[in-house]
Amino acid sequence: MTISDIPGENSAIRRDIAGGCEGLSEASPQRSSASALAFAEIYPRSPGERDQWILSHRSVRNSVTAQRAYAFLLEKERSETGERKQVATIFLTNRECPWRCLMCDLWKNTLPETPPIGAIPDQIDRAFAELETTERAGEFRATTWVKLYNSGSFFDRHAIPFDDYAAIAGRISSFQRVVVESHPALITESVVHFRDLLAGKLEIAMGLETADPSVLDQLNKRMTLEQFGRAAAFLHVHGIDLRTFVLVKPPFVNETDAIEWAQRSIDFAFSCGARVVSLIPVRFGNGALESLARLGLFSPPKLTTLEMAAAYGVGLRRGTVLVDLWDVEQLAACKRCFSRRLARLEQMNDLQIVPLAVQCQSCDGK
Ligand code: SF4
Ligand SMILES: [Zn+2]
């Protein structure tokens, strides 16, 4: 039996099966006939064919090496108690994720092979050493949270060798909070093992992407809401925090539905126990999305859509809602109000408040 077999009225049973998450619901409305035709003609139905279609649109990988993390940065993030935590984020270089999600471009900074044992701890050492030599060394020394993002799943043993877990935990023993990412399918006892090696609190970031079951299927993540719910429940039982990524305007979704589904996805994430919901505006860059865009099946969200999703989530006060502002200039449609809109989003991130919407005579706030 799957979630979709269960009658909508029986929400208690639906929640139970999904591990406590609420809001499992019907799929998004039908597309217009023109876009439905384009969809049927271009986008394969089976996961295997979709993998091939997505792969066929890729460009080449960036030149990266197992000897060093491909990036690292310092940032601040608000905690539940209102503190601005200093965070060190390390983007580890490892083998490519085995999934082929339609919207993903993380493969660009990955390797075709598993790094040798010891390479990942060395990457962390090197990144920390380099942070110590920058003009922000003082900020680095004040970091209490660390994010180890690996362009896939930390618990994918072909990406991060299991035999490196203890060495990695040793490198980050001074941090109060450790955030790693994982596909829900890889939330198993390995997670508990890693948790037990850490001195700080483990938090796992999982991509919910969208609570719209039909769009989720089309994203080719090979994950259901039920599976996400079960993984979230597992983390909860084992005292591990959950961070959730929600896409704002994934492919196949129009602007109006994008707002509604972002909101429903935020609701779903919080009902699964998320401590943080991170909103990701879907961007061009992986080849497949550009191809869909030419057929009218994808366009990035408007800035107002992102603002509305963020305002809804922050306004709920059910947990922290963050907007990924990387490259958000790409969404700017009006030069006169962009900086004020960006400042509003930054305030939402930093203060978890919803400032008044920006008024603009040029674009009328659209
Ligand atoms: S599971 Fe995550 S990293 Fe892997 S392809 Fe999907 S979005 Fe990308
Ligand atoms: Zn404007």
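Here, every reference points to the structure presented above.
Thresholds applied
- Residues numbered from 1 in each chain as written.
- Chains lettered and ligands numbered in written order.
- Predicted model: local features only at pLDDT ≥ 70, side-chain atom pairs only at ≥ 80, totals over all residues.
- Core = buried A, V, L, I, M, F, W, Y, C linked by C-beta atoms within 7 Å.
- Buried ≥ 20, exposed ≤ 12 C-beta atoms within 10 Å, placed from the backbone.
- Helix = DSSP H or I, 4+ residues; strand = E, 2+ residues; numbered from the N terminus.
- Domains from an automatic or database assignment.
- Pairing = 2+ DSSP bridges.
- Contact = placed C-beta atoms within 7 Å.
- Axes fitted to C-alpha atoms, helices over the stretch in contact; angles between N-to-C directions.
- Parallel < 35°, antiparallel > 145°, perpendicular 65-115°, else oblique.
- Left-handed = near helix turned anticlockwise from the far one by under 90°.
- Nonpolar A, V, L, I, M, F, W, Y, C, P; charged D, E, K, R; others polar.

A.B. asks: Describe the nonpolar core, and please don't skip the residues or the numbers.
C.D. replies: In this structure, Val246, Val248, Ala262, Ala269, Val277, Leu279 and Ala310 are the most contacted members of the largest nonpolar core, which totals 89 residues. The element that contributes the greatest number of residues to this core is helix H10 (residues 255-271), accounting for 8 residues. When residues are assigned to domains, this core turns out to be shared by domain 1 (1-58 + 209-334) and domain 2 (61-199), each giving three or more.

A.B. asks: Explain the pairing of strand S1 (residues 71-78) to me, and be specific about the residues and the numbers.
C.D. replies: Pairing of S1 with strand S2 (residues 84-91), which is carried by 8 bridges, proceeds in the antiparallel orientation. Its bridge partner lying in S2, Glu75 is registered against Val87. The antiparallel hairpin formed by S1 and S2 contains 5 residues in its connecting segment, where Gly82 sits at a positive phi of about 90 degrees.

A.B. asks: Please set out the environment of Leu247 residue by residue, giving values where relevant.
C.D. replies: If you trace the backbone, Leu247 turns up in strand S6 (residues 241-248). Residue classification places Leu247 among the buried residues on the basis of 27 C-beta atoms within 10 Å. Distance from Leu247 to Leu208, taken between C-alpha atoms, is 8.1 Å for residues 39 residues apart in sequence. What Leu247 contacts, discounting residues up to four positions off in sequence, is Met103, Glu209, Thr210, Ile280 and Val282.

A.B. asks: Talk me through the packing of helix H12 (residues 303-316) against helix H13 (residues 338-351); I want residue IDs and the actual numbers.
C.D. replies: At a closest axis distance of 11 Å, the pairing of H12 and H13 adopts a crossing angle of 25 degrees. By the angle between their directions, the pair H12 and H13 is classed as roughly parallel. For the crossing formed where H12 meets H13, the hand is left-handed. Where H12 abuts H13, its residues Leu303, Glu307, Ala310 and Val314 lie against Arg341, Arg344, Leu345 and Met348.

A.B. asks: Quick one: what's the story with the sheet that holds strand S5 (residues 201-209), residue by residue and with numbers?
C.D. replies: The strands that make up a sheet pair up through hydrogen bonds in the backbone, lying either parallel or antiparallel. Strand order in the open sheet made by the 8 strands is S1-S2-S3-S4-S5-S6-S7-S8, with mixed pairing throughout. In this open sheet, the two strands that pair with only one neighbour each are S1 and strand S8 (320-323). For this sheet the average axis-to-axis angle between neighbouring strands, irrespective of direction, equals 25 degrees. By the bridge criterion, 5 bridges tie strand S4 (residues 177-181) to S5 in an arrangement that is parallel. Considered in S5, the bridge of Glu181 is made with Ala205. The strands that H10 touches are S5, S6, strand S7 (276-281) and S8; relative to S6, the one it contacts most, it runs at about 170 degrees.

A.B. asks: Lay out the packing of H10 against H12 in plain terms, naming residues and giving numbers.
C.D. replies: With their axes 9 Å apart at the nearest point, H10 and H12 run at an angle of 25 degrees to one another. What the angle tells us is that H10 and H12 run roughly parallel. Where H10 crosses over H12, the two elements pack in a sense that is right-handed. Here Glu255, Ala258, Ile259, Ala262, Gln263, Ile266 and Phe270 of H10 lie close against H12, whose contacting residues are Thr305, Met308, Ala309, Tyr312, Gly313 and Leu316. In terms of residue class, the contact of H10 with H12 is built from 9 nonpolar, 3 polar and 1 charged.

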